[in-house]
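# Working through the structure, step by step
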Amino acid sequence: MKHFDAIIIGTGQAGPSLAARFAGAGKTVAIIERNKFGGTCVNTGCIPTKTLVASAYAIHVARRGAEYGFATGDVRVDIKRVKARKDAVSGRSNKGVEDWLRGTKNCTVIQGHARFQSTNTVVVNDEVLQAGQIFINVGGRASVPDMPGVHEVPFLTNSSMMDIDFLPEHLIVVGGSYVGLEFAQMYRRFGSQVTIVEMGPRLIGREDEDISQAVREILEAEGIQIRLNAKCISLAKRDSGVVVRMDCNDDPKEVAGTHVLLAVGRLPNTSDLGLDRAGIATDRRGYITVDDQLQTNVPGIWALGDCNGRGAFTHTSYNDYEIVADNLFNADHRRVSDRIQAYALYIDPPLGRCGMTDAEIRTSGRRALVAKYPMVRVSRAYEKGETQGFIKICVDAETEQILGAAILGIGGDEVIHVLLDVMYAKAPYTVIQRAMHIHPTVAEYLPTILAKLEPFV
Ligand SMILES: Cc1cc2nc3c(=O)[nH]c(=O)nc-3n(C[C@H](O)[C@H](O)[C@H](O)COP(=O)(O)OP(=O)(O)OC[C@H]3O[C@@H](n4cnc5c(N)ncnc54)[C@H](O)[C@@H]3O)c2cc1C
């Protein structure tokens, strides 16, 4: 048996930083990875998809050359080169994580599948490792629901999408939420015919209705077909392609395509971790139950990142690391409940999001104010010829603090941080109106928009 001060399972967005923190404090740490270093974000999530989104954006702008005063001739997409660029960017990060960990003194890197043997031991490659503190950062994977026909067709997920170096003639995306919409728009821009099939009555169902509607219009304007209310989805082979049926009645509606991507949610990688051997509790979906400082029900064992169900983003996983590290090393009692929800959807234009949704504000029963402003009236957007979307900000009528905001439009993923930081400062929105902003930017409109607050209904 090998002894360490700490064992970390998984090299996602929390594990490597935590390993470096332990090692830097002079403690011995073992970090275990069964697949690719860097986990989802680096290999099959944020980094490769945002690299592909960048290619799709460049292609889209090139096609609009005439509007900007240039001609390129026919824009021809070389999908193999698009993929090669994605592989290079993603591979650089993957190598960066591995090199960093292997080069860290006091840190032992082990490749293999880890399983708990007891509350303080883990088995990997038939070797038993023991530590007083164990951190689980095992992330998640695409969920493959048991819909009829699913195992009879060669479906794709966000992971297998990373390997394709050809252009699907007609890509059917099952799932109209964050992952599905990004793939749908990028493949449409690469040149595929694309149909989104969504079970719910609107796209990205947890967003406000006006956001869902605007996103739908943006995607439809690019020629993406959207089929909503697909209550009862089944898959079948047809010729060399696949058919997705969308209704349970006797005359099923269907769409036939060449490839199908399943983007219908994520599952935590916890079922093959031997959690029962250590007595670690999960919820009914398999997410590890943690307290406000990310400790599991077993003393000495923590769970960070997607596997704890408290976040589903790279920044929430990294923030989990910060919370655990500050609690352990700095006696700074940070808590998960202190953080404010924030994320982006990387279609073009992007959606930057922070704080409460309209529905959450309504449920909270607060008296709120709201201001909404179309991007077409933002001169920066107009100058750049990218005027889709809007900015919406909600504030508490009593405290004047910002409750939530959505910026669907050019730069939305960046500008949202102006509002987010004011929220963390617990300052009233009026501080934004006293700041001098740079012209021409999207952010310079925030004071103007906040001057238009009216009752939220
Ligand atoms: C297509 C897509 C796009 C995304 N885009 C964004 C985005 O733009 N922005 C954003 O913030 N988030 C995005 N996300 C979400 C983001 O990728 C994840 O939230 C983030 O990677 C979570 O990281 P994690 O630390 O929980 O673990 P992961 O990154 O999932 O890593 C877990 C690691 O643990 C390893 N592991 C699992 N089980 C074991 C075991 N038993 N033994 C050893 N190793 C094990 C896995 O191999 C993996 O390497 C995206 C996700 C997807 C799927």
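So, here is what we can say about the structure in this document.

Cut-offs and rules
- Residues numbered from 1 in each chain as written.
- Predicted model: local features only at pLDDT ≥ 70, side-chain atom pairs only at ≥ 80, totals over all residues.
- Heavy atoms only, no water.
- Buried < 20%, exposed > 50% of the residue type's maximum accessible area, 1.4 Å probe, protein only.
- Helix = DSSP H or I, 4+ residues; strand = E, 2+ residues; numbered from the N terminus.
- Pairing = 2+ DSSP bridges.
- Expected span 1.5 Å × (residues − 1).
- Contact = heavy atoms within 4.5 Å.
- Axes fitted to C-alpha atoms, helices over the stretch in contact; angles between N-to-C directions.
- Left-handed = near helix turned anticlockwise from the far one by under 90°.
- Nonpolar A, V, L, I, M, F, W, Y, C, P; charged D, E, K, R; others polar.
- Phe/Tyr/Trp six-rings, centres within 6.5 Å; stacked < 30°, edge-to-face > 60°.

We now examine the pairing of strand β17 (residues 342-345). Residues Ala 342 and Ala 344 line one face of β17 and the alternating positions Tyr 343 and Leu 345 line the opposite face, and both faces are buried. Two elements, β17 and strand β18 (residues 351-355), share four bridges in a ladder whose sense is antiparallel. In the sheet register, Ala 344 faces β18, and the bridge partner there is Gly 352. Following β17, the chain reverses through five residues before pairing antiparallel with β18.

For helix α5 (residues 79-102), which comprises 24 residues, the first-to-last C-alpha distance of 34 Å matches the rise-based estimate of 34 Å (1.5 Å per residue) to within 8%. Those residues of α5 hidden inside the fold are in contact with α1 (15-24), β2 (29-33), α2 (39-43), α3 (46-63), β3 (107-111) and α6 (178-190).

Running from N to C, α3 and α5 cross one another at 145 degrees; their axes reach a closest spacing of 9 Å. Once α3 is placed against α5, the crossing between them reads as right-handed. Taking contact as the criterion, the partners of Ile 47, Pro 48, Thr 51, Leu 52, Ala 54 and Ser 55 in α3 are, on α5, Val 82, Arg 85, Lys 86, Val 89, Ser 90 and Ser 93. Of the residues that constitute the contact of α3 with α5, the class distribution is six nonpolar, four polar and two charged.

All right, on to the packing of aromatic side chains then. One pass over the full model with this rule turns up eight aromatic pairs. Ring geometry for Phe 135 against Trp 302: centres 4.8 Å apart, planes inclined by 25 degrees, an arrangement best described as stacked. With a gap of 167 residues between them, Phe 135 in strand β6 (residues 127-136) and Trp 302 in strand β16 (residues 301-303) connect regions that are remote in the sequence. The buried category is assigned to Phe 135, whose relative accessible area is 0%. Taken together, a centroid distance of 5.2 Å and an interplanar angle of 85 degrees make the contact between Tyr 187 and Phe 190 edge-to-face. Of the two residues, Tyr 187 and Phe 190 both sit in helix α6, three residues apart, roughly one turn of that helix. On the basis of relative accessible area, Tyr 187 is assigned to the buried category, the value being 3%. For Phe 190, a relative accessible area of 2% puts it in the buried group. One aromatic cluster is present, formed by Phe 22, Phe 135, Trp 302 and Phe 329 through successive ring pairs.

Time to look at unusual backbone geometry. Among all residues save glycine, negative phi is the norm, and among peptide bonds the norm is trans. Between Asp 348 and the following residue, Pro 349, the backbone shows a cis peptide bond with an omega angle of 0 degrees. Along the chain, Pro 349 falls in the loop between β17 and β18. The phi dihedral of Leu 294 falls on the positive side, at around 70 degrees, and the residue is not glycine. Along the chain, Leu 294 falls in the loop between α8 (275-278) and β16. We note that Lys 426 has phi near 55 degrees; this positive angle belongs to a residue other than glycine. Relative to the helices and strands, Lys 426 resides in the loop between α12 (412-424) and α13 (430-434).

It is worth spelling out the sheet that holds strand β11 (residues 234-238) at this point. Strand order in this open sheet of three strands is β11-β12-β13, and the pairing throughout is antiparallel. Either end of the sheet is taken by a strand with one partner, and the two such strands are β11 and β13 (254-257). Strand-to-strand twist in this sheet, taken as the mean axis angle between neighbours without regard to direction, amounts to 25 degrees. In this structure, strand β12 (residues 241-245) lies alongside β13, joined through four bridges in antiparallel fashion. Pairing of Val 242 across the sheet is with Gly 257, part of β13.

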